[in-house]
Number of protein chains: 2
Amino acid sequence: MIGVAVMGCGVVGSGVVEMLIENRELLTGTTGDELRVLYMLDLRDLDVPEGVVLTKNFEDILNDERVQIVVETMGGTRFAYPYTKQCLEAGRHVVTSNKELVADHGDELLSIAKAHGVSYLYEASTGGGIPIIRPIQQDLRANKLSEINGIVNGSTNYLLTEMREKGVSFPAALGEAKRLGYVEANPAADVEGWDARRKLAILANAAFGAKLGDNQIIPTTGISAVTEGDMNAAAAFGGAVKLIAHAHLNESENTWTGWVHPCFVPSAHPLYNVNDVFNAIMVHGNFVDNVMFFGRGAGSKPTASAVVGDIVEVAQSLDAPRKRLEYASPVAFDAAPSAPRRLLVRFTGDENAVKAALPGCIIKECGDEKAVMTAEAPADVLNSAVQALSSAVQLGAPLFVL
Amino acid sequence: MIGVAVMGCGVVGSGVVEMLIENRELLTGTTGDELRVLYMLDLRDLDVPEGVVLTKNFEDILNDERVQIVVETMGGTRFAYPYTKQCLEAGRHVVTSNKELVADHGDELLSIAKAHGVSYLYEASTGGGIPIIRPIQQDLRANKLSEINGIVNGSTNYLLTEMREKGVSFPAALGEAKRLGYVEANPAADVEGWDARRKLAILANAAFGAKLGDNQIIPTTGISAVTEGDMNAAAAFGGAVKLIAHAHLNESENTWTGWVHPCFVPSAHPLYNVNDVFNAIMVHGNFVDNVMFFGRGAGSKPTASAVVGDIVEVAQSLDAPRKRLEYASPVAFDAAPSAPRRLLVRFTGDENAVKAALPGCIIKECGDEKAVMTAEAPADVLNSAVQALSSAVQLGAPLFVL
């Protein structure tokens, strides 16, 4: 018997318990031993399955030597951080879906885990049920990984899909989504791109060895400024608007660059067809070329699938955690202000002024407005040109071109 | 130092050697030890990298105790089968891209590997560089997996894409692809679906525990009967024609059903946008729902990526091969002749006869012909109805509806 404790029994934690029970036979066949939930930690009075102890007291878990794997699905960092640390220090494997904790304290927690010969796994922190962290660290690890482009926030992808398909404004789509319970009451973390930014930091860490802990330095623009006009502009150029989390390794390989920004995604791009709450992450490696992973990026059951997948890995090798690539030197962040880029910008006004300011651009009509797609140029050059233009014509917020 | 020998230095084998050398530093960082290619086995006189011994003699590899991992990229079964067996029996880990050998003798080779405490890994046998076997066996293993739909043959997907985009016939597309070297001189294994069938058998084994060894029992129809008219019919119904490898577990869970067949794939389906030589595989699990894996299904470098990914796994745990799910009883194949299905069929002739024979169907014009999409009905009922209709109207070969 391998004892499991689940800390935090909300949407994900309860899904984990459900999966461990419903798929018990399969899991025993896979790991060679029974995974038994001994504790559920929660401050609420919940109904728990037979044989499981519901506790409000973390010490119960920490002091019970039968608990070999702790699932942290509490969210946030206030309790999750000290509890995770104590579990690892006590030689317990920890599996989590907590992207905030991994993005903020992952490096420290991983090194504590290593020092104590246990695993700290977080497949569920990014992409929900989609296998992405282990594929990056294992299946694709023989590649020099150089680029990531992902749709990693289901709520914003749902809102953009609604805006496109129903022709509604961002506030209208958001209001309806709130009413249906598809976004949180305070949707800022999703809508402003902070959730995507955390996941990007975790992906860049897995792929390039980017440092965890300071994801706030990643330039991030959410979708609240995206308009129906942007949808029309993207359609006129044969594509759609998606919130993309992007990272690439710079040639020296000692720095990486990343951003979260609304993008024009052309219809031939594999990310174009990723709609509604679905997530997808595309990774580029020097031998494998581009590979994409697609599925449900959130929800109780898909996220539980990723958590329990990690539990299976731990249970299969309790005494020998998987080796991780160690980087010789930290891969620092570089915002790379002069990296080449193309923009798609709505405008109303004098087309000739736009053509003069943005050499090599393409202009198309879209409804009452026009839209310009620039030629590729250094980002800072483009920004200055667009800035200067804003005195001559009325400009929308720019979309990056993927 | 971990000694590696590569048997068969064609497209894949040479890519493996290239990757082991080009990404050496990364691989050492990941596995904690140097992976060194000691031998390349080939009957041709090839240029080999410095320090590597080119040999025509398999015994050189078998007798050198430094060789811990053998890469079998010979293809076929005549030599690959006995060599693999001898390597495993001698306690060597074997990693392969050989779908024919895995599909024909995988069960036996896996049990020999298990008996000798070594790994037999074959990520590269299906989906080229796309991680799919390990995700099924590891990341998604906590799920009851119940369905697979894949585009697993790049050549046929390329031909169908050319037919659709250029409006050419199958023979014309095939001729051009041969001229460009995109398909083999004898393309039967690709065009008739036998390659896809082998990969389907390997996927069904990984997902459901289907027996390996008798993949010929899987009903298989290739693309040689697909016409420009089928392309038009699919377009009229808002989709495209793809060669799909399908498998599902039947409810009793003691049988599985599978087929390879040209399908109508609607534009909203994630497989719709998989074009040219790309492959994609969608898997359904009881918690994760649908997950899709997309990338390059063939080619020297992508396939090498999968082979070397397996080498990394072996090198990380030389003494403790990953556990595999053991099935209590063999999951037998059932062609399930009365499984429900929809068909899309071109026809010319009396629309009323078609409507009478296929209740609930939808008929659309497509060029000079018409096309009918049936309602869902048992496959054998549909087949009889279509058979009977063929005396009244002229029918094309049916597409399954995905």
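Please read all numbers here as calculations on a predicted model, not as lab measurements. Counting starts from 1 at the beginning of each chain's written sequence and moves along it residue by residue. Here every chain gets a letter starting at A, and every ligand a number starting at 1, in the order they are written. The predicted nature of this model means local features are confined to residues of pLDDT at least 70 and side-chain atom pairs, given and counted, to a pLDDT of 80 or more, with totals for whole chains, interfaces and linings taken over all residues. As a rule here, side-chain values come from all non-hydrogen atoms in the structure, and water together with hydrogens is ignored.

### Regarding the overall build of chain A
Each helix is a run of DSSP H or I of at least 4 residues and each strand a run of E of at least 2, with the numbering of both proceeding from the N terminus. Within chain A one finds 14 helices and 19 strands. Computation of the radius of gyration draws on C-alpha atoms alone. For the globule rule, the value is 2.2 Å times the number of residues to the power 0.38. For 402 residues, the compact-globule formula gives about 21 Å, and the C-alpha radius of gyration of chain A, at 23 Å, lands near that figure. Along the first, second and third principal axes, the C-alpha atoms of chain A reach 75 × 50 × 35 Å. Only protein chains enter the accessibility calculation, which uses a 1.4 Å probe; a residue is then buried when its area is under 20% of its type maximum, exposed when over 50%, and partly exposed in between. By the burial criterion, 57% of the 402 residues in chain A qualify as buried. Between two residues, a contact is recorded if the distance between any of their heavy atoms is within 4.5 Å. Taking all contacts inside chain A whose residues are at least 6 apart in sequence as the whole, residues at least 24 apart take part in 71%. Total accessible area on chain A stands at roughly 15200 Å², and carbon and sulfur atoms take up 50% of it. The charge count treats Lys and Arg as positive and Asp and Glu as negative. His and the chain ends do not count. Here the site of a charge means atom NZ of a Lys, CZ of an Arg, CG of an Asp or CD of a Glu. One finds the centroid of the 33 positive side-chain charges in chain A at a distance of 1 Å from the centroid of its 48 negative side-chain charges. Calculation of accessible area relied on Shrake-Rupley with a 1.4 Å probe; when residues are assessed, cover is drawn exclusively from the protein chains displayed.

### Structural notes on the pairing of strand 11 (residues 289-296) of chain B
Note on pairing: two strands pair once DSSP finds at least 2 bridges between them. Pairing geometry for strand 11 (residues 289-296) of chain A and strand 11 of chain B, over three bridges, is antiparallel. Paired with A:Phe294 across the strands is B:Met292, a residue of strand 11 of chain B. Of the pairings in the sheet, the one linking strand 10 (residues 278-285) of chain B to strand 11 of chain B comprises eight bridges and is antiparallel in character. Bridge pairing links B:Gly285 to B:Asp289 in strand 11 of chain B. Two successive antiparallel strands, strand 10 of chain B and strand 11 of chain B, enclose a turn made up of three residues.

### Observations concerning the nonpolar core
Ranked by internal contacts, the top residues of the largest apolar core, which has 165 residues, are A:Tyr120, A:Leu159, A:Trp256, B:Tyr120, B:Leu159, B:Trp256 and B:Leu344. In this view, A:Leu159 contacts A:Phe170, A:Ala173, A:Leu174, A:Ala177, A:Val183, A:Val191 and A:Ile223; residues no more than four positions away in its chain are not counted. The next biggest cluster of nonpolar side chains, apart from the first, holds 59 residues, and it includes A:Ala377, B:Ile151, B:Ile244 and B:Trp259. We call a set of buried residues a nonpolar core when its members are Ala, Val, Leu, Ile, Met, Phe, Trp, Tyr or Cys and they connect through side-chain atoms within 4.5 Å of each other.

### As for the interface of chain B and chain A
Often the size quoted for an interface is simply the accessible area lost on bringing the parts together. Counting from both sides, the interface comprises 54 residues of chain B and, opposite them, 54 residues of chain A. In terms of surface lost to chain A, no three residues of chain B exceed B:Asp139, B:Ala142 and B:Phe287, which account for 17% of the buried area on that side. Take a side-chain nitrogen of Lys or Arg and a carboxyl oxygen of Asp or Glu: if they are within 4 Å of each other, that pair is a salt bridge. Run the count over chain B and chain A and you get four salt bridges. As a salt-bridge pair, A:Arg296 and B:Asp289 come within 2.9 Å of each other at their nearest N and O atoms. Those elements that provide at least two residues to the side of chain B that touches chain A are helix 1 (11-22), helix 2 (24-31), helix 6 (133-139), strand 11 and helix 12 (300-316) of chain B. Each of two parts loses accessible area, computed with a 1.4 Å probe, when they are put together; buried area is these two losses added.

### Points about the sheet that holds strand 6 (residues 120-121) of chain A
Residues and elements named next belong to chain A. The strand order across the open sheet formed by six strands is 3-2-1-4-5-6, and the pairing between neighbours is parallel. Whereas interior strands pair on both sides, the edge strands pair on one side only; in this sheet they are strand 3 (53-55) and strand 6. For strand 1 (residues 2-7) and strand 4 (residues 67-72), the ladder comprises five bridges, and the chain directions are parallel. Residue pairing in the sheet places Gly3 in a bridge with Val67 of strand 4.

### Quick notes on the pattern of salt bridges
Residues and elements named next belong to chain A. Under the defined criterion, the tally for this structure stands at 38 salt bridges over all chains. Lys99 is the salt-bridge partner of Asp195, the closest N and O atoms lying 2.8 Å from each other. Here Lys99 lies in helix 5 (residues 99-115) and Asp195 lies in helix 10 (residues 194-208), a separation of 96 residues in the sequence. Given a relative accessible area of 3%, Asp195 falls into the buried group. What makes Lys99 partly exposed here is its relative accessible area of 27%.

### A look at the side chain of B:Arg92
Residues and elements named next belong to chain B. Residue position: Arg92 is located in the loop between helix 4 (80-89) and strand 5 (93-96). For the buried Arg92, no salt bridge exists, and the shortest N-O distance to an oppositely charged side chain is 4.5 Å, to Glu65. In this structure the side chain of Arg92 is engaged in a polar contact, spanning 2.8 Å, whose partner is the backbone oxygen of Leu62. Residues contacting Arg92, with those up to four places away along its chain left out, are Ile61, Leu62, Asn63, Asp64, Glu65, Val67, Gln68, Val70, Cys87 and Val118. Within 3.5 Å is the distance limit for a polar contact, defined as a pair of N or O atoms, with the added protein rule that one can donate a hydrogen and the other accept it, and that residues adjacent in sequence qualify only through two side-chain atoms.

### Quick notes on the packing of helix 1 of chain B against helix 12 of chain B
How two helices pack is summed up by the angle between their axes together with the distance between the axes. Residue and element names in this part refer to chain B. Put simply, helix 1 and helix 12 touch, their axes get as near as 8 Å, and they point 60 degrees apart. Judged by the sense of rotation from one axis to the other, the crossing of helix 1 with helix 12 is right-handed. Residues Val11, Val12, Gly15, Val16, Glu18, Met19 and Leu20 of helix 1 form the contact with helix 12, whose participating residues are Ser300, Lys301, Thr303, Ala304, Ser305, Val307, Val308 and Ile311. Basically, the charged four are Asp, Glu, Lys and Arg, the nonpolar ten are Ala, Val, Leu, Ile, Met, Phe, Trp, Tyr, Cys and Pro, and anything else, Gly included, counts as polar. Partitioned by chemical class, the residues of the contact of helix 1 with helix 12 number nine nonpolar, four polar and two charged. Orientation is described by lines fitted to C-alpha atoms, with helices fitted over the stretch in contact, and by angles between N-to-C directions that extend from 0 to 180 degrees. Handedness of a crossing follows from how the near helix is turned relative to the far one, being left-handed for an anticlockwise turn of less than a right angle and right-handed for a clockwise one.

### Points about the domain arrangement of chain A
Residue and element names in this part refer to chain A. As annotated, the domain borders come from an automatic or database domain assignment. When cut into domains, chain A gives domain 1 (2-129 + 301-316), domain 2 (133-296) and domain 3 (340-401). Just the C-alpha atoms count here: the centres of domain 2 and domain 3 sit 23 Å apart. Counting residues at the interface gives 15 residues for domain 2, matched by 16 residues for domain 3. Summed over both sides, the interface of domain 2 with domain 3 buries roughly 1300 Å², with 74% coming from carbon and sulfur. A salt bridge links Asp230 to Arg346; the shortest N-O distance between them is 2.8 Å. Listed by contribution, the elements that provide at least two residues to the side of domain 2 that touches domain 3 are helix 11 (228-236) and strand 9 (255-266).

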